[in-house]
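# Fold and contact review
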2 protein chains.
Amino acid sequence: MSVQERKQRERAERERLIVATARELAERQGWDAVTTRRLAERIEYSQPVLYSHFRGKREIIGAVALEGAAELAAAVRAATSTVDGPRERVTALALAYLDFAERNPAVYDAIFQLDGGLAFAHEDTPEPLKDAFAALLESLGEVAGDGVHPGLFTEVFWASLHGLATLTRAGRLLPEDAAPRVELLVDRLAMA
Amino acid sequence: MSVQERKQRERAERERLIVATARELAERQGWDAVTTRRLAERIEYSQPVLYSHFRGKREIIGAVALEGAAELAAAVRAATSTVDGPRERVTALALAYLDFAERNPAVYDAIFQLDGGLAFAHEDTPEPLKDAFAALLESLGEVAGDGVHPGLFTEVFWASLHGLATLTRAGRLLPEDAAPRVELLVDRLAMA
DNA sequence: TCCGTTGTCTAGCGATGCTAGGATCGAATC
DNA sequence: GATTCGATCCTAGCATCGCTAGACAACGGA
């Protein structure tokens, strides 16, 4: 029994190593640099080992995405928990969200841009993704305004943040004016 | 002289063929299916011919992006030109923008998601891209509100639309609620 | 001590973007 | 009209990609 448990532990540990290495490599050199060969070399195993843990590269991206979604949810909650006032919380949320996207571009891509083979907007959506949306909803639902469904409002606000994040990082928007953009967005969208 | 001119015409014609074929293939089967081999086969030339027109696949994507940007600008102007009232124009703009993204997903990706090797937010940004932004600015600048820079407002509104477009198409948002999302966005962001 | 399972690696497949080098064709010159 | 010469295009190939088959070794249980 104990032998099996040890092997399971080692296997789980190796899986964490794969995900962490993929993430680090992606963050450092971009997802294009995350090839199965390079990844295998970094973890000091051969390529086929990766396929004993994941179906393919997509699933590895998906694993990074889930890990990142949990961190994003935590970051948002941490940023809003210490702030008084609904409107101020929303501002803090927006800044925390954009800050996360800026500091973890590869992870952000894994969550929202790349195909990690994850389901969205269904009941079989992985828990971390639903929880990340829930974290947004907690603060944004307060400022949806009368007669506006909190979920709908959260979707719209989230989409705006997502647009700012991706367009900025893709070089479509200059990062200098990030602050006034957030200010404008919160001023107009948040009621109360 | 006439011989050279004919050759130039034929060359330009072939270049258009390459771009049109790449676009059609991308729209039909996704950008992943647009390989240099398949593209070469479709235009009935060998692969190296592509490289006598473009530096590589990136530049082909860029060419599709420029063509698409011009069409997007035209679509936005067409949708807004026949509408009375600033607010109504903005609603029409938003719907036209999202409609374009939905009906030309591959082209939209080429413009805003993929790396087409294009410069943005600089003075050396290609004209069609600057003009597409200008087309948005024409209608959005009217509803920026007092003391708000029209360019900044346009950026924020555009980012919101971009977020809705990409999240919807990536399966992150359900398409059913598209209409109320737009309504909410226009209601809150547009002043006047 | 032997067997069988489990785990890992080497080697290779088809496909990718891109390029070198030779063949071919047509226009200009004698 | 024959001949050169440059432009144009294609065949063939390189390195790399994601992924997999099959050989091999290591180790627990009989």
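## What to know about the pattern of salt bridges
Residues and elements named next belong to chain B. Enumeration according to the criterion identifies 26 salt bridges over all chains in this entry. The partner of Glu-71 in a salt bridge is Arg-23, and the shortest N-O contact between them spans 2.7 Å. Here Glu-71, found in helix 4 (residues 57–81), pairs with Arg-23, found in helix 1 (residues 2–29); they are 48 residues apart in sequence, far enough to count as distant. For Arg-23, a relative accessible area of 14% puts it in the buried group.

## Regarding the relation of the copies chain A and chain B
It takes a turn of 180° to lay chain A on chain B, together with a shift of 0.0 Å along the axis; the resulting RMSD is 0.1 Å. The superposition operator between the copies reduces to a two-fold rotation axis. Taken as a fraction of all interface residues of chain A, those also at the interface in chain B reach 100%, which identifies the copy contact as same-surface.

## Comments concerning the protein's contact with DNA strand D
Neighbouring residues of DNA strand D: 17 residues in total, closest Thr35(A), Thr36(A), Arg37(A), Lys57(A) and Ser46(B). Contact distances for DNA strand D include 3.5 Å between a phosphate oxygen and a backbone N or O atom of Val34(A). A distance of 2.8 Å separates a phosphate oxygen of DNA strand D from a polar backbone atom of Thr36(A). A breakdown of the residues in the surface near DNA strand D according to their chemical character gives seven nonpolar, five polar and five charged.

## Some details on the layout of surface pockets
One number sums up the size of the largest pocket: a volume of about 1600 Å³. The wall of the largest pocket is formed by 47 residues, among which Gln113(A), Leu114(A), Asp115(A), Gln113(B) and Leu114(B) lie closest to the centre. Broken down by secondary-structure element, the contributors of at least two residues to the lining of the largest pocket are helix 1 (2–29), helix 4 (57–81), helix 6 (105–112) and helix 8 (150–169) of chain A together with helix 4, helix 6 (105–112) and helix 8 (150–169) of chain B. Here the element with the most residues in the lining of the largest pocket is helix 6 of chain A; it accounts for five residues.

## Notes on helix 2 (residues 36–43) of chain A
An α-helical turn contains 3.6 residues, so any two residues separated by three or four positions project in the same direction. Residues and elements named next belong to chain A. Taken together, the buried positions of helix 2 are occupied by Thr-36, Leu-39, Ala-40 and Ile-43. Buried residues in helix 2, looked at end-on, bunch into an arc of 100°, giving them a common side. Among the exposed residues of helix 2, those oriented more than 90 degrees off its buried face are Arg-37 and Glu-41. One or two steps after helix 2, the chain reaches Glu-44, where phi turns positive at roughly 60°.

## Examining the interface of chain A and chain B
Contacts between the two partners involve 35 residues from chain A, matched on the other side by 35 residues from chain B. Both sides together, the interface formed by chain A and chain B hides about 3000 Å², and carbon and sulfur atoms give 67% of it. Connecting chain A to chain B are two salt bridges. In this structure, Glu155(B) and Arg181(A) form a salt bridge, with 2.7 Å as the shortest nitrogen-oxygen distance. For the interface between chain A and chain B, the tally reads nine residue pairs in polar contact (both at pLDDT 80 or more). It is helix 8 of chain A that contributes the most residues to the side of chain A that touches chain B, twelve residues altogether. For the side of chain A that touches chain B, the class distribution of residues is 23 nonpolar, seven polar and five charged.

## Some details on the domain arrangement of chain A
Residue and element names in this part refer to chain A. The domains assigned to chain A are domain 1 (1–53) and domain 2 (58–189). With centres defined by C-alpha atoms, the gap from domain 1 to domain 2 works out at 28 Å. In this assembly, eight residues from domain 1 lie in contact with 13 residues from domain 2. When the buried surface of domain 1 facing domain 2 is broken down by residue, Arg-23, Glu-27 and Trp-31 rank first, second and third, together holding 68% of it. Run the count over domain 1 and domain 2 and you get two salt bridges.

## Observations regarding the protein's contact with DNA strand C
Near DNA strand C there are 16 residues, and of these Arg14(A), Ser46(A), Thr36(B), Arg37(B) and Lys57(B) occur at the shortest range. Restricting attention to atoms of DNA strand C within 4 Å of the protein, one finds that 50% of them are sugar or phosphate atoms. Here a phosphate oxygen of DNA strand C sits 2.9 Å away from a polar atom, N or O, in the side chain of Arg14(A). Contact distances for DNA strand C include 2.8 Å between a phosphate oxygen and a backbone N or O atom of Thr36(B).

## A closer look at the packing of helix 5 (residues 86–103) of chain B against helix 9 (residues 178–189) of chain B
Residue and element names in this part refer to chain B. Contact geometry of helix 5 with helix 9 gives a least axis separation of 10 Å together with a crossing angle of 140°. When the interaxial angle is binned, helix 5 and helix 9 end up oblique. Between helix 5 and helix 9 lies a crossing whose hand is right-handed. Side by side, helix 5 and helix 9 meet where Arg-87, Val-90, Thr-91, Ala-94, Leu-95 and Leu-98 of the first sit next to Val-182, Val-186 and Asp-187 of the second. For the contact of helix 5 with helix 9, the class distribution of residues is six nonpolar, one polar and two charged.

## Points about the packing of aromatic side chains
Residues and elements named next belong to chain A. This model, assessed by the stated rule, comprises ten aromatic pairs over all chains. Centroid distance Phe-133 to Trp-158: 5.9 Å. Interplanar angle 70°. Geometry classified as edge-to-face. Of the two residues, Phe-133 is situated in helix 7 (residues 127–140) and Trp-158 in helix 8; the sequence distance between them amounts to 25 residues. Residue class for Trp-158 comes out buried when judged on its relative accessible area of 6%. With centroids separated by 6.1 Å and ring planes inclined at 40°, the aromatic side chains of Phe-153 and Phe-157 adopt a geometry described as tilted. Pair noted here: Phe-153 and Phe-157 are both in helix 8, with a separation of four residues, about one helical turn. With a relative accessible area of 1%, Phe-153 lands in the buried category. You can call Phe-157 buried: its relative accessible area is 0%. Counting every residue linked through ring pairs, the aromatic cluster contains Tyr-97, Tyr-108, Phe-112, Phe-133 and Trp-158. The side chain of Arg-14 reaches across the aromatic face of Tyr-45, ending 4.7 Å from its centre.

What counts, and where the lines are drawn
Residue indices begin from 1 for each chain and proceed along its sequence in written order. Starting at A for chains and at 1 for ligands, labels are handed out in the order in which the entities are written. The model is predicted, so local features are restricted to residues of pLDDT at least 70 and side-chain atom pairs to those at 80 or more, both for listing and for counting; the totals for chains, interfaces and linings are taken over all residues. Here the side-chain values reflect all heavy atoms present in the structure, with hydrogen atoms and water set aside. Any carboxyl oxygen of Asp or Glu that lies within 4 Å of a side-chain nitrogen of Lys or Arg is treated as forming a salt bridge with it. Going along the chain from the N terminus, every DSSP run of H or I of four or more residues is numbered as a helix, and every run of E of two or more is numbered as a strand. Here the term buried applies to any residue with accessible area under 20% of the maximum for its type, exposed to any over 50%, and partly exposed to those in between, with areas from a 1.4 Å probe on protein chains only. In this comparison the copies share one frame, found by least squares on the C-alpha atoms of residues holding pLDDT of at least 70 in both. Pairs of residues are marked as contacts when any of their non-hydrogen atoms sit within 4.5 Å. Here a residue counts as near a molecule or strand whenever at least one of its heavy atoms sits within 4 Å of it. Polar contacts, as counted here, are pairs of nitrogen or oxygen atoms within 3.5 Å of one another; within protein the pair requires one atom able to donate a hydrogen and one able to accept it, and residues that are adjacent in sequence qualify only if both atoms are side-chain atoms. Any residue outside Ala, Val, Leu, Ile, Met, Phe, Trp, Tyr, Cys, Pro, Asp, Glu, Lys and Arg is labelled polar, Gly included; the first ten of those are nonpolar and the last four are charged. Method remark: on a 1 Å grid restricted to protein atoms, a set of points is classed as a cavity if a 1.4 Å probe fits but cannot get out and as a pocket if it is open with protein on both sides within 12 Å along at least five of seven lines; lining residues have an atom within 4 Å of a point. Grid points are joined across faces, edges and corners, and a volume is the space filled by probe spheres set on the points. The reported arc concerns the directions from the helix axis to the C-beta atoms and nothing else. We define buried area as the total accessible area lost by two parts upon association, computed with a 1.4 Å probe and summed across both. Per the annotation, domain bounds derive from an automatic or database assignment of domains. For helices, the axis comes from a line fit to the C-alpha atoms of the stretch in contact; other axes are also lines fit to C-alpha atoms, and the angle between any two N-to-C directions lies between 0 and 180 degrees. Roughly parallel covers angles under 35 degrees, roughly antiparallel covers those over 145, roughly perpendicular covers 65 to 115, and oblique covers all other angles. Take the far helix as the reference: if the near one is turned anticlockwise from it by less than a right angle, the crossing is left-handed, and if turned clockwise, right-handed. Each Phe, Tyr or Trp ring (for Trp, its six-membered ring) is paired with any other whose centre lies within 6.5 Å, and the angle between the two planes then decides the class: stacked below 30 degrees, edge-to-face above 60, tilted in between. Think of it as a cone above the ring: NZ of Lys or CZ of Arg counts as a charge over the ring if it is within 6 Å of the ring centre and within 35 degrees of the ring normal.

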